Amino acid sequence: MRELLCPNCQEGIGFWSMAKSPTPYHMKCDRCGTRLKVQKYAWLVTGIALLAGLTIGVLASLRGSMGEFMVILMIGAILFEMVAYIVLRLAGVKLERRK
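Let us look at the structure shown here. (Residues numbered from 1 in each chain as written. Predicted model: local features only at pLDDT ≥ 70, side-chain atom pairs only at ≥ 80, totals over all residues. Heavy atoms only, no water.)

### Concerning the pattern of salt bridges
Formally: Each salt bridge in this description consists of a side-chain nitrogen of Lys or Arg and a carboxyl oxygen of Asp or Glu lying within 4 Å of one another. Comment: elements are numbered from the N terminus, with helices defined as DSSP H or I runs of at least four residues and strands as E runs of at least two. Only protein chains enter the accessibility calculation, which uses a 1.4 Å probe; a residue whose area is less than 20% of its type maximum is buried, one above 50% is exposed, and one in between is partly exposed.
Enumeration over the complete set of coordinates arrives at three salt bridges. Between E11 and R31 there is a salt bridge, with the nearest N and O atoms lying 3.4 Å from each other. With E11 in the segment before α1 (15-19) and R31 in the loop between β1 (27-28) and β2 (35-38), this residue pair connects regions lying 20 residues apart in the sequence. The exposure class of R31 is exposed, given its relative accessible area of 58%. Of the charged contacts, one joins D30 and K20 as a salt bridge, the two residues approaching to 3.0 Å between their closest N and O atoms. With D30 in the loop between β1 and β2 and K20 in the loop between α1 and β1, this pair connects stretches of sequence that are 10 residues apart. In this pair, the class of D30 matches that of K20, namely exposed.

### Things to note about the pairing of β2
Going by this rule: Any two strands with at least two DSSP-identified bridges between them are counted as paired.
Only one face of β2 is covered, namely the face carrying L36 and V38; the face carrying R35 and K37 is uncovered. One ladder, built from two bridges, connects β1 with β2; its direction is antiparallel. Residue pairing across strands places M27 opposite L36, the latter belonging to β2. Between β1 and β2, which follow one another and run antiparallel, lie six residues, and G33 among them has a positive phi close to 85°. As paired elements, β2 and strand β3 (residues 95-97) share three bridges and run antiparallel to each other. Looking across to β3, one finds that K37 is bridged to E96.

Put into structure tokens, the structure is as follows:
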């Protein structure tokens, strides 16, 4: 897996930097503060991760109680971030500055 690097300071972008952003278009370097986005494949990555998260959400809604639904929905959100980060690293995607 290739490491995601900030184009400004060459610092590695870790999972938590990715987890703090709502989409691959809204990342920020923790070291220098540069706003970042994925050069290409961002919609594909977002789609794959969203599909994984929604699958968990649909399975949760088939259950019963609202408490179970909320817990599984949170697991789906975490799964969304994890899948997005892993797919970005496996695809070897580069980051660029966001204007």
